[in-house]
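Below, each chain spelled out in residue letters.
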Amino acid sequence: MKKITFLFLTLFIVFNTQGQSPENQAPIIFIYDASGSMWGQMQGKTKMEIAANALSSTIDNLSEQQKIGFVAYGHRKEGDCKDVEFMVDASTGTKKEVITAVKGIKPLGKTPLAYSAALVIDQLRAAKQKATIILITDGIESCDGNICEIIQAAKDEGIDFKLHIIGFGLKEEDTQQLRCAAGAGDGSYFSAENAENLGEILNVATASTVDKPANNFSVYALKNGEPLDVFVKAYDIVAKREPIMLRTYQDTGYFYLPPSKYNLEVMPLEGSDVDMITVNNVESHENTIGHQTISFDGGTLNVLTTNNGAGWDSMVKIIDSNGKVVATTRTYGREKIMEVNPGVYKVAIQALVMEGLNTNTAMDSIVIEAGKSPPLVYDFKTGNFEIFTRVGSEDIDTVVAVKEKKSGKSVGAARTYNKGAKFLLNPGNYMVTIRPLGAHKEKAAQTIEVEVKAAETISKTLNF
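A brief report on the enclosed structure follows. (Residues numbered from 1 in each chain as written. Predicted model: local features only at pLDDT ≥ 70, side-chain atom pairs only at ≥ 80, totals over all residues. Heavy atoms only, no water.)

**Quick look at the pattern of salt bridges**
Part 1 of the argument: The full count for this structure, using the stated rule, is 20 salt bridges.
Part 2 of the argument: The salt bridge partner of E64 is K95, with a shortest N-O separation of 3.1 Å. One end of the pair, E64, is in the loop between α2 (47–61) and β4 (68–73); the other, K95, is in helix α3 (residues 95–103), and 31 residues separate them in sequence.
Part 3 of the argument: The salt bridge partner of D313 is R330, with a shortest N-O separation of 2.6 Å. (Salt bridge = Lys/Arg side-chain N within 4 Å of Asp/Glu carboxyl O. Helix = DSSP H or I, 4+ residues; strand = E, 2+ residues; numbered from the N terminus.)

Below, the structure written as structure tokens:
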């Protein structure tokens with residue numbers, strides 16, 4: 001899945017930067033969190049280190065012609081709500097200068113989100129310039145400001161910018177004001193949970209700039225009532241242009257679709273056996289916001305395997321009509337829920353540990369419907385067979401081989417190691433051959449017949 005994600009992101013960046021003149025692109029201004037909380041740990045590293053590396057890598061991949069500005073807050077004074085510094089000017093700064101500035105920061109102070117955004121907007125107002133603003137923060141406003149109100153007022157004034165906000169390790173309940181601000185700023189709020197995720201999001205954010213047409217289409221994906229992170233590929237079925245990409249990050253995702261008809265391929269990126277969904281003939285119109293909600297609600301199968309009525313460890317596979325395994329799980333003796341697209345399937349179960357001819361079973365024509373969870377319980381049967389081998393009163397070491405009597409198929413083997421051997425076997429009749437080892441290896445092997453019954457133990461002592 002990681003390789004697929006990387007490929008989609010690469011295509012996203014390529015397809016969304018074609019046709020632009022780099023020297024005419026509006027600047028990208030990063031507002032960077034250097035508050036004291038960035039010393040917090042994540043994946044064995046400080047958030048400061050993770051963010052600096054991800055941002056440096058993203059900036060290094062931008063074109064040489066891209067104008068870049070860099071603003072940091074909270075890095076000079078511990079309790080100062082006006083500790084905001086324009087470290088690299090967007091009109092003259094280079095990628096190298098920005099990367100150097102990022103890596104030289106030592107987090108210290110507070111989180112003046114609203115004040116930082118207001119200063120950047122003041123600069124745009126004075127220069128009569130448009131820009132893409134990308135705010136990275138691991139915390140909420142700590143200086144009594146309201147960034148959403150600041151952004152909305154600037155937009156009402158007619159200042160031209162797009163604001164993306166990346167919440168790094170934030171709790172969902174702390175994101176309301178940030179989501180409001182990103183929406184008011186014609187951009188997106190992204191939730192980054194780890195280093196890899198932050199890097200991906202920065203690539204997407206820097207590719208979705210103020211120079212692009214205004215978003216006119218949104219997609220929201222969910223599964224069982226919960227938002228789902230998906231990749232969307234929009235194929236223009238009229239103009240046949242290259243596919244347009246979107247990732248939703250467990251939220252409503254927005255992008256620009258030139259007026260036309262599209263087929264949407266939507267692929268989930270999280271732990272699910274549900275396949276890609278295609279939505280056909282979706283129309284996009286100029287000056288009209290279109291929307292598509294994609295439901296990945298599948299059907300679930302509640303599987304429980306038992307042995308003599310008690311929970312038992314097994315491998316379970318769900319197989320579609322083409323013979324493809326679409327879901328697999330191990331039960332560990334407990335009920336397991338398996339989710340797949342609605343359909344008719346074969347279910348194959350392999351019991352672990354036990355031996356015999358009936359350790360595997362398959363059930364055909366299992367119907368799985370959306371939103372339903374039919375139970376599937378299969379009970380295996382076993383009995384215990386134990387054997388002790390002796391010469392006189394001395395326990396001896398032997399090799400024991402067990403074959404099913406009727407078929408002659410070998411089903412088990414063990415070594416007694418002077419203490420006996422135990423087998424968990426399906427009910428039936430078995431031929432057991434015992435061959436002495438060590439000091440008694442010259443003694444002839446013996447074969448006995450045993451009948452194993454369900455839930456019973458049969459014990460044999462063989463004297464050579």
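**Overview of the state of the cysteines**
Part 1 of the argument: With the rule as written, the count across this model stands at two disulfides.
Part 2 of the argument: The disulfide partner of C148 is C180, and the S-S distance across this bridge is 1.8 Å. What sets the handedness of the C148 and C180 disulfide is the S-S torsion sign, and at about -45 degrees it is left-handed. Highlighted residues: C148 in helix α5 (residues 147–157) and C180 in helix α6 (residues 176–184), separated in sequence by 32 residues.
Part 3 of the argument: On the accessibility criterion, C148 (10% relative accessible area) is buried.
Part 4 of the argument: Each bonded cysteine of the protein chain is numbered by sequence order, and under that numbering the disulfide pairs are 1-2, 3-4. (Disulfide = S-S within 2.5 Å. Buried < 20%, exposed > 50% of the residue type's maximum accessible area, 1.4 Å probe, protein only.)

**Quick look at the packing of aromatic side chains**
Note on aromatic pairs: each is described by the distance of the centres and the angle between the planes.
Part 1 of the argument: Counted under the stated rule, the structure contains five aromatic pairs.
Part 2 of the argument: Ring geometry for F217 and F255: centres 6.4 Å apart, planes at 65 degrees, overall edge-to-face. A residue pair is termed long-range when its members are at least 10 positions apart, and F217 in strand β9 (residues 217–223) and F255 in strand β13 (residues 253–255) qualify at 38 residues.
Part 3 of the argument: F255 sits in the buried class, given a relative accessible area of 5%.
Part 4 of the argument: With a centroid separation of 6.0 Å and an interplanar angle of 20 degrees, the aromatic rings of F385 and F423 are classed as stacked. (Phe/Tyr/Trp six-rings, centres within 6.5 Å; stacked < 30°, edge-to-face > 60°.)

**A short note on α2**
Part 1 of the argument: For α2, built from 15 residues, the straight-helix expectation of 21 Å at 1.5 Å per residue is met to within 8% by its first-to-last C-alpha distance of 21 Å.
Part 2 of the argument: Residues K47, M48, I50, A51, A52, A54, L55, S56, T58 and I59 constitute the buried set of α2. (Expected span 1.5 Å × (residues − 1).)

**Concerning the nonpolar core**
Part 1 of the argument: Counting residues in hydrophobic clusters, the biggest one holds 35 residues, and the most contacted among them are F30, Y32, L55, F70, I166, L198 and L202.
Part 2 of the argument: Mapped by element, the contributors of at least two residues to this core are β1 (28–33), α2, β4, α3, β6 (131–137), β7 (161–168), β8 (189–192) and α7 (195–207).
Part 3 of the argument: When residues in this core are grouped by element, the largest group, seven residues, is from α2.
Part 4 of the argument: The next biggest cluster of nonpolar side chains, apart from the first, holds 29 residues, and it includes I31, L113, V120 and A181. (Core = buried A, V, L, I, M, F, W, Y, C linked by side-chain atoms within 4.5 Å.)

**Some words on the sheet that holds β4**
Part 1 of the argument: Taken together, the six strands give an open sheet; going across it, the order is β5-β4-β1-β6-β7-β8, and neighbouring strands pair in mixed fashion. Looking along the sheet, the strands with just one partner apiece sit at the ends: β5 (84–88) and β8. The mean inter-strand angle of the sheet, taken between neighbouring strand axes irrespective of direction, is 20 degrees.
Part 2 of the argument: Strand direction decides the pairing type here: β1 and β4, joined by six bridges, are parallel. Within the sheet, the bridge partner assigned to I29 lies in β4 and is G69.
Part 3 of the argument: Relative to the sheet, α2 contacts β1, β4, β6 and β7, its axis offset from that of β1 by approximately 170 degrees. (Pairing = 2+ DSSP bridges. Axes fitted to C-alpha atoms, helices over the stretch in contact; angles between N-to-C directions. Contact = heavy atoms within 4.5 Å.)

**Describing the side chain of S116**
Part 1 of the argument: Relative to the helices and strands, S116 is located in helix α4 (residues 113–127).
Part 2 of the argument: Judged by relative accessible area, which is 0%, S116 ranks as buried.
Part 3 of the argument: Excluding its chain neighbours within four sequence positions, the residues that come into contact with S116 are I31, Y73 and V84.

**Looking at the side chain of S284**
Part 1 of the argument: Considering the arrangement of structural elements, one finds S284 in strand β15 (residues 277–284).
Part 2 of the argument: The buried category is assigned to S284, whose relative accessible area is 3%.
Part 3 of the argument: Among the polar contacts made by the side chain of S284, one reaches the side chain of N216 at a distance of 3.1 Å.
Part 4 of the argument: At 2.6 Å, the side chain of S284 and the backbone oxygen of L257 are in polar contact. (Polar contact = N/O pair within 3.5 Å; in protein donor to acceptor, adjacent residues only side chain to side chain.)

**So, the pairing of β7**
Part 1 of the argument: Burial analysis of β7 places eight of its eight residues in the buried class, the great majority of the element.
Part 2 of the argument: Across the two faces of β7 the burial is the same, with F161, L163, I165 and G167 and K162, H164, I166 and F168 all buried.
Part 3 of the argument: When β6 meets β7, the two strands line up parallel, connected through seven bridges. Residue pairing in the sheet places L135 in a bridge with I165 of β7.
Part 4 of the argument: On the question of chirality, the crossover connecting β6 to the parallel β7 by way of α5 is right-handed.
Part 5 of the argument: Relative to β8, β7 runs parallel, the two being bridged by four bridges. Counted as the bridge partner of G167 is S191 from β8.
Part 6 of the argument: Once you follow β7 into α6 and on to β8, the crossover reads as right-handed. (Right-handed = clockwise from strand over helix to strand, strands pointing away.)

**As for α6**
Part 1 of the argument: When α6 is considered as a whole, its buried residues turn out to be L178, A181, A182 and A184. Down the axis of α6, the buried set is contained in an arc of 165 degrees. They therefore lie on one face.
Part 2 of the argument: One or two steps after α6, the chain reaches D186, where phi turns positive at roughly 60 degrees. (Arc of directions from axis to C-beta.)

**Description of unusual backbone geometry**
Part 1 of the argument: Despite not being glycine, S365 shows a phi value in the positive range, around 55 degrees.
Part 2 of the argument: Take S365: it is sitting in strand β23 (residues 360–368).

**Comments concerning the sheet that holds strand β14 (residues 260–268)**
Part 1 of the argument: Spatial ordering of the open sheet is given by β12-β11-β14-β15, a layout of four strands whose pairing is antiparallel. Of all strands in the sheet, those with a lone pairing partner are β12 (244–247) and β15, marking the two edges. Adjacent strand axes in the sheet meet at a mean angle of 25 degrees, parallel and antiparallel pairs treated alike.
Part 2 of the argument: Relative to β15, β14 runs antiparallel, the two being bridged by six bridges.

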